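Topology and contacts: notes
Chain residues, written in single-letter form:
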There are 2 protein chains.
Amino acid sequence: MNLLLLEDDDFVASDRVRLSGRRLKHMLEIHQAEVGDLLRVGRLGGLMGQAEVLSLSPDSTELQVQLDQPPPAKLPLTLLLAMPRPKMLRRILQHCASLGVAELILLNSYRVEKSFWQTPFLQPEQIRHNLLLGLEQARDTVLPQVRIEKRFKPFVEDQLPTLLNGKQGLLAHPGPYPACPRAVTQPLLLAIGPEGGWIPYEVDKLCQAGLQPVQLGERILRVETAVTALIGRLF
Amino acid sequence: MNLLLLEDDDFVASDRVRLSGRRLKHMLEIHQAEVGDLLRVGRLGGLMGQAEVLSLSPDSTELQVQLDQPPPAKLPLTLLLAMPRPKMLRRILQHCASLGVAELILLNSYRVEKSFWQTPFLQPEQIRHNLLLGLEQARDTVLPQVRIEKRFKPFVEDQLPTLLNGKQGLLAHPGPYPACPRAVTQPLLLAIGPEGGWIPYEVDKLCQAGLQPVQLGERILRVETAVTALIGRLF
């Protein structure tokens, strides 16, 4: 946790918060905070700055906060991801929040196991929790938008073309395609398939909707590794 | 497992292997292999190709192999990594093998907890196991070299300058440094610090040894994320 994230409910005055639970525990056990210490804080969805520890007990703490810095810019990136297996989803949510992905869309695909959609990690509070961990790590205050699309065809036919308005659309897929570009500055939608890849029908539909296939070399990467390596390369 | 890796001991003739254990289990449960099937295989440290399933039982299988393709080229990269926490080490070993890192050096640092060096994941057979998982994922046959350096100062003073012969040396570190370069083609040594970063003394010593500090933006990434994002950007 490199940033203590404050939520609206934490504020007991315009410049003062009261915290308990996970964040207090972290302050006590990891930061070993004491009264008078200055901590790096941010208001969820808002500015970042510093907070001074005014009081501290095993049950609660009060901080005086001064928020005056904007959070880092988000990447102009919508990530369209075939729903990964649950343990990997959890880490990908954290990675995406840390790396500054603006929007994440979890899409069904033929090779997505039906059971993946049953995971508790898709509950809104679990998605939010893992995104918050990523923001705290990277020092950002703005949650990525997450959408869940369980029907491939209606999404790709009816919604994807509109989503691509004003964006470059790339489909990372192994094959005889151009190499993935580097150092993109314009808004981008990047599609990454499931373990085993999109099936040919899906590749065709995604390309018809306006995505351009690109490849990343001979090596077959796990989805989690591919997401981070592609973002590193693209931005 | 996108490649079935064969070891010297598996060969019962020059073009025939007998397998049991983990790889047989994977063939039966995941590939649902049957006699006559063709599988993608590679010989550890050698060529890749195809194998035909000649026989199959719950205890062992025999394959006829034909090896005629070189493995993908390694990245010209030596990764100098402050020893990460054990669970992350395991994943980083897999990522490094998948991404094609040629050499990985695990180095002590002030902010590395002493307990990290006690992890069973540092046992040679555990390191090898996790590297093999990465090679099987990416379809590669050549194990990265892994070195363990538990003493920072003697390594950086006495060995690092020699290691840097003929290589560009980069130190990824937050600060007012040039942006990390992209699309490097020459041999590279890249140093990445522990959670919390190298201490100033260590930064000084690494720079004196010939590393050039570069930064990757405002966001503080977990070591695991930084490794993959930097490799994606650099190569």
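Residues numbered from 1 in each chain as written. Chains lettered and ligands numbered in written order. Predicted model: local features only at pLDDT ≥ 70, side-chain atom pairs only at ≥ 80, totals over all residues. Heavy atoms only, no water.

With that settled, the discussion passes to unusual backbone geometry. Residue and element names in this part refer to chain A. Even without being a glycine, Ala-183 presents a positive backbone phi close to 50 degrees. Its location among the elements puts Ala-183 in the loop between strand S10 (168–172) and strand S11 (188–192). The partly exposed category is assigned to Ala-183, whose relative accessible area is 37%. (Helix = DSSP H or I, 4+ residues; strand = E, 2+ residues; numbered from the N terminus. Buried < 20%, exposed > 50% of the residue type's maximum accessible area, 1.4 Å probe, protein only.)

So, about the interface of chain A and chain B. Taken together, the contact between chain A and chain B spans 30 residues of the former and 30 residues of the latter. Summed over both sides, the interface of chain A with chain B buries roughly 2,500 Å², with 51% coming from carbon and sulfur. At the boundary of chain A with chain B, the tally comes to two salt bridges. Of the charged contacts in the structure, one is a salt bridge between Arg-219 of chain B and Asp-140 of chain A, with a shortest N-O distance of 3.1 Å. Applying the counting rule to chain A against chain B returns 18 residue pairs in polar contact (both at pLDDT 80 or more). (Contact = heavy atoms within 4.5 Å. Buried area = accessible area lost by both parts, 1.4 Å probe. Salt bridge = Lys/Arg side-chain N within 4 Å of Asp/Glu carboxyl O. Polar contact = N/O pair within 3.5 Å; in protein donor to acceptor, adjacent residues only side chain to side chain.)

Here the focus is the relation of the copies chain A and chain B. Of the transformation superimposing chain A on chain B, the axial component is 0.0 Å and the angular component is 180 degrees, with the fit at an RMSD of 0.0 Å. The symmetry that links the two subunits is that of a two-fold axis. By C-alpha distance to the rotation axis, the residue of chain A lying nearest is Arg-233 of chain A, at 2.0 Å. (Least-squares fit on C-alpha atoms with pLDDT ≥ 70 in both.)

Turning our eyes to something else, we now look at the pairing of strand S3 (residues 16–19) of chain B. Residues and elements named next belong to chain B. Every second residue of S3 is oriented toward a common face, the buried set being Val-17 and Leu-19 and the non-buried set Arg-16 and Arg-18. The pairing of strand S2 (residues 11–13) with S3 spans two bridges and is classified as antiparallel. Across the sheet, Ala-13 pairs through a bridge with Arg-16, a residue of S3. Between S2 and S3, which pair antiparallel one after the other, the connecting turn spans two residues. Alignment of S3 against strand S6 (residues 61–69), held across four bridges, turns out to be antiparallel. (Pairing = 2+ DSSP bridges.)

Turning next to the nonpolar core. Residues Leu-160 of chain A together with Leu-160 of chain B are the most contacted members of the largest nonpolar core, which totals 124 residues. Non-local contacts of Leu-160 of chain B, meaning those with residues more than four positions away in its chain, are made with Leu-80, Phe-155, Leu-189, Leu-206, Ala-209 and Leu-211 of chain B. (Core = buried A, V, L, I, M, F, W, Y, C linked by side-chain atoms within 4.5 Å.)

Close contact between helix H6 (residues 223–234) of chain A and helix H6 (residues 223–234) of chain B brings their axes to 7 Å; oriented N to C, the two are set at 55 degrees. The pairing of H6 of chain A with H6 of chain B is recorded here as oblique in orientation. Note that H6 of chain A runs across H6 of chain B; the crossing there is right-handed. Only Glu-224, Thr-225, Thr-228, Ala-229, Gly-232 and Arg-233 of chain B of H6 of chain B make contact with H6 of chain A, whose side of the interface consists of Glu-224, Thr-225, Thr-228, Ala-229, Gly-232 and Arg-233 of chain A. (Axes fitted to C-alpha atoms, helices over the stretch in contact; angles between N-to-C directions. Parallel < 35°, antiparallel > 145°, perpendicular 65-115°, else oblique. Left-handed = near helix turned anticlockwise from the far one by under 90°.)

Another point: the domain arrangement of chain A. Residues and elements named next belong to chain A. By the assigned domains, chain A splits into domain 1 (4–69) and domain 2 (75–234). A straight line from the C-alpha centre of domain 1 to that of domain 2 covers 33 Å. With eleven residues of domain 1 at the interface, the matching set in domain 2 holds eleven residues. Roughly 880 Å² is buried in total at the junction of domain 1 and domain 2, and carbon and sulfur atoms are behind 57% of that figure. For the domain 1 face of the interface with domain 2, the top three residues by lost area are Leu-5, Arg-22 and Leu-44, together amounting to 54%. For the pair domain 1 and domain 2, the interface holds two salt bridges. Of the charged contacts, one joins Glu-7 and Arg-128 as a salt bridge, the two residues approaching to 2.8 Å between their closest N and O atoms. Taken together, the connections running from domain 1 to domain 2 amount to four residue pairs in polar contact (both at pLDDT 80 or more). Its residues assigned to classes, the side of domain 1 that touches domain 2 comprises four nonpolar, three polar and four charged. (Domains from an automatic or database assignment. Nonpolar A, V, L, I, M, F, W, Y, C, P; charged D, E, K, R; others polar.)

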